[in-house]
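Single-letter residue listing:
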Amino acid sequence: MDKNKPIVLGADHFGMPLKDAIRDYLINKGYQVVDMGVNENTPVDYPDVGAKVAEEVGAGKYERGILVCGTGAGMAIVANKVPGVRAVCVQDPYTAERAVASNNAQIITFGAQITGAAVAEKLIDIWLASEFQGGRSAPKVAKIDSLDEKYRTQRAGE
């Protein structure tokens, strides 16, 4: 991952402490970071923040994004609803690597109640070092993109 290309971050109030640790970690490693909140403990619904970050990634403004909520599952679901986005909830090194290598995922999600900062940092390093391998995965990702387009087109025609 090119350190000159910003990584966008977002979290709900449960994920804010981990998001802040991730932000600081990435900045210390020389990455540009755009923090889309939240930045206070006031309760917020994770779809509000997740959609905002995913829409920016889906529009091509950012190549990579990280979302954090309590489990990571909700943020992944939200992000995957946004056209053009592939998001994976990451909890282990193999999934962190394959998220990009096999699935070309632009967004990873974490659960702040599941994953600590030290583990998240290691998983982020793996994810950022990974590249889409194409090969046998390329037709599968193309099928995902085709489904995305099919349902987007259907909804637009309704």
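Look a little higher up for the structure.
Keep in mind that this is a model prediction, so the values were computed, not measured.

Calculation notes
Residues numbered from 1 in each chain as written. Predicted model: local features only at pLDDT ≥ 70, side-chain atom pairs only at ≥ 80, totals over all residues. Heavy atoms only, no water. Axes fitted to C-alpha atoms, helices over the stretch in contact; angles between N-to-C directions. Helix = DSSP H or I, 4+ residues; strand = E, 2+ residues; numbered from the N terminus. Parallel < 35°, antiparallel > 145°, perpendicular 65-115°, else oblique. Left-handed = near helix turned anticlockwise from the far one by under 90°. Contact = heavy atoms within 4.5 Å. Nonpolar A, V, L, I, M, F, W, Y, C, P; charged D, E, K, R; others polar. Pairing = 2+ DSSP bridges. Phe/Tyr/Trp six-rings, centres within 6.5 Å; stacked < 30°, edge-to-face > 60°. Lys NZ or Arg CZ within 6 Å of the ring centre and 35° of its normal. Expected span 1.5 Å × (residues − 1). Buried < 20%, exposed > 50% of the residue type's maximum accessible area, 1.4 Å probe, protein only. Arc of directions from axis to C-beta. Salt bridge = Lys/Arg side-chain N within 4 Å of Asp/Glu carboxyl O.

A. How the structure looks around the packing of helix α1 (residues 16-28) against helix α5 (residues 117-129). The contact between α1 and α5 brings their axes to 10 Å, and the two run at 50 degrees. One element, α1, and the other, α5, form an angle in the oblique class. For the crossing formed where α1 meets α5, the hand is right-handed. Contacts from L18, A21, I22, Y25 and L26 in α1 reach A117, A120, E121, I124, D125 and L128 in α5. For the contact of α1 with α5, a count of residues per class yields nine nonpolar, no polar and two charged.

B. Broad picture of the environment of T115. Tracing the chain through its elements places T115 in the loop between β5 (107-111) and α5. Counting along the chain gives 23 residues from T115 to D92, while the straight-line C-alpha distance between them is 9.6 Å. Apart from residues lying up to four places away in sequence, T115 is in contact with L18, V90, Q91, F110 and A120.

C. Structural detail: the sheet that holds β5. Spatially, β2-β1-β3-β5-β4 is the arrangement adopted by the five strands of the open sheet, whose pairing is parallel. Each having just a single partner strand, β2 (33-35) and β4 (87-89) make up the two edges of the open sheet. Pairs of neighbouring strands in the sheet enclose a mean axial angle of 20 degrees, with direction left out of account. Note: strand β1 (residues 7-11) against β2, three bridges, orientation parallel. Following the sheet pairing, I7 is matched in β2 by V33.

D. Geometry of the packing of aromatic side chains. In the structure shown here, the tally under the stated rule is zero aromatic pairs. Above the plane of the ring of W127 lies R64, whose end atom (NZ or CZ) is 4.8 Å from the centre.

E. Structural detail: helix α6 (residues 137-157). The terminal C-alpha atoms of α6, which comprises 21 residues, lie 30 Å apart, in line with the 30 Å expected from a rise of 1.5 Å per residue. Turning to α6, its buried residues are S137, V141 and D148. Relative to the axis of α6, the buried residues are bounded by an arc of 30 degrees and lie together on one face. With respect to the buried face of α6, the exposed residues turned more than 90 degrees away are K143 and G157. Where α6 is buried, its residues contact α4 (93-101).

F. Representation of the pattern of salt bridges in the model. On inspection of all chains with the given rule, the structure shows twelve salt bridges. For K61, the salt bridge identified is with E56, shortest N-O distance 3.6 Å. Assessed through its relative accessible area of 56%, K61 is described here as exposed. According to the relative accessible area criterion, E56 is partly exposed, its value standing at 22%.

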